[in-house]
Amino acid sequence: MSTKVHLTKSMVKGALSYDREYFLWDTDVNGFGLRVRPGGSRRYVYFYRPWQGKQRRMTIGDADGMTLEDARTIATKLAGRVADGEDPAQSKRVLKAEMAAAALEIEAGISPEAERTFGELADLMMKRRDDFAASTRDNYTRWIRLYIKPHLGDIKADAIQTSDMQKMIDAVKGQHPTTARRLRDVCAAVIKWASETEDWGTFFRNPELPNPTKRLKVPSPNLVENAMEVGDVKIVWRVLGDLEAKCTDDVRSEALALIRMALLTGARKDELRLLKPHHVDLIRGTITLQRHEHKTGKQIKRGSGAKIIVLPAAAIEVIQSRVQDKERRYVFHGKKRSTAMGAGQPWKTWQSVLTEARKDQVFRKGTIRFHDIRHSFASIGLSQGLGLTEIGALLGHTDYRTTERYAHHSDDSRHAAAAKVADVILT
């Protein structure tokens, strides 16, 4: 028996068990539902069909230990991964098989004094750490499987050297310089976790050994190329108005408004795509996202972990009618007013905006990703005299070094700085 309904907390809590298994399918997220078994167990599940293969089912979690909103958010992100061509169930099986071997000795009660390989420690870290954001966990898992284990997996953790890691970095950096930098971050995370984590009174890696990631040479990030300057953003703003004026597609219109919000607030794509009316306080002019609703929430050790996004008057103007619309479950809806926008829609619409913007000869050349809107927000703030602390507060950063990476120095701000120095010398 299967029924399609708008799942609510009371419906999940009151779901009765019968002599046969049945499903309650959610109308908000296609493929997401509640499975109720004869024994009384209730689990959130997600059904999907990968681009090549049969329909698959994933268990998201037990309804007694997970809220409906958390499960629905996970299902929405799984739908985005499927839309990007991934098979989440297959990825989960591969990860589970790889981690089972690494965890077997500990589960059997064997002391970790026997030297472990770097690949085993990487798997153990991913199994035991629960403070990774979902996107970070997905990326780390993929990089460990594709790069770290093939290159470093069989090397003993206490014997691994900088030269071993450098060979991996050098093999990757030619075609994927950004991935090469991220691989250093993953290796550093494994070394730090293994050197600080004890089991049976023994550290997984001798903390007195030098850290081999300290001297790794990775490609320098290009801090300027992808960030738009004030003139570029003004061109984009004008293009948004032109496209909105002639737009007849409801979902595309929502995505154009979402891009406006990203320009005005520096918020991440999924923070806006999954934004709900109850997150917004129009009187205070803020968006409040709880710990589990934003990327770095689990890594914040103090306080509630909530993230506050400040809304300027122009941003409130964009979303006010949307927030007050009682039929909306999401501020920026998808094909239905009750569903979230698809994961790929903002990116797709952003590409069309860039196509129009590039018709202006003065618009910045080169690749500009959707996430670079966030970079541009920080750069413009820096060019207007805001400090790193202020910009970091607006973006929700807890470490100024993160803001430093985002705050690209524009040509205009560098020229202005040079002029100030010259004025001091000449006067």
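In case you missed it, the structure is sitting above this.
Overview of the structure.

Reading guide: rules and limits
- Residues numbered from 1 in each chain as written.
- Predicted model: local features only at pLDDT ≥ 70, side-chain atom pairs only at ≥ 80, totals over all residues.
- Heavy atoms only, no water.
- Core = buried A, V, L, I, M, F, W, Y, C linked by side-chain atoms within 4.5 Å.
- Buried < 20%, exposed > 50% of the residue type's maximum accessible area, 1.4 Å probe, protein only.
- Helix = DSSP H or I, 4+ residues; strand = E, 2+ residues; numbered from the N terminus.
- Contact = heavy atoms within 4.5 Å.
- Pairing = 2+ DSSP bridges.
- Axes fitted to C-alpha atoms, helices over the stretch in contact; angles between N-to-C directions.

## Side note on the nonpolar core
- The biggest cluster of nonpolar side chains holds 40 residues, and the ones touching the most others in it are Met228, Val236, Met261, Ile319, Phe332, Trp350 and Val353.
- Looking at this core, the elements that each hand over two or more residues are α8 (230–245), α9 (250–265), β9 (286–289), α11 (313–324) and α12 (345–357).
- Top element by residues in this core is α9. It accounts for nine residues.
- Excluding residues within four positions of it along the chain, Val353 makes contact with Val236, Val239, Leu240, Leu243, Leu256 and Ile259.
- In this structure, Phe132, Met165, Val186 and Ala194 belong to the second largest nonpolar core, which totals 31 residues.

## Here we look at the sheet that holds strand β3 (residues 32–36)
- Pairing in this open sheet of five strands is mixed, and the strands run β1-β2-β3-β4-β5 from one edge to the other. Here the strands that pair on one side only, and so sit at the sheet edges, are β1 (2–5) and β5 (56–62). With strand direction ignored, the average angle separating the axes of adjacent strands in the sheet is 30°.
- Pairing of β1 with strand β2 (residues 22–26) involves four bridges; the strand directions are parallel. Each residue of the ladder has a partner; that of Lys4, found in β2, is Trp25.
- Relative to the sheet, helix α2 (residues 68–83) contacts β2, β3, β4 (42–48) and β5, its axis offset from that of β4 by approximately 15°.

Purely geometric stuff here, so don't read any function into it on its own.
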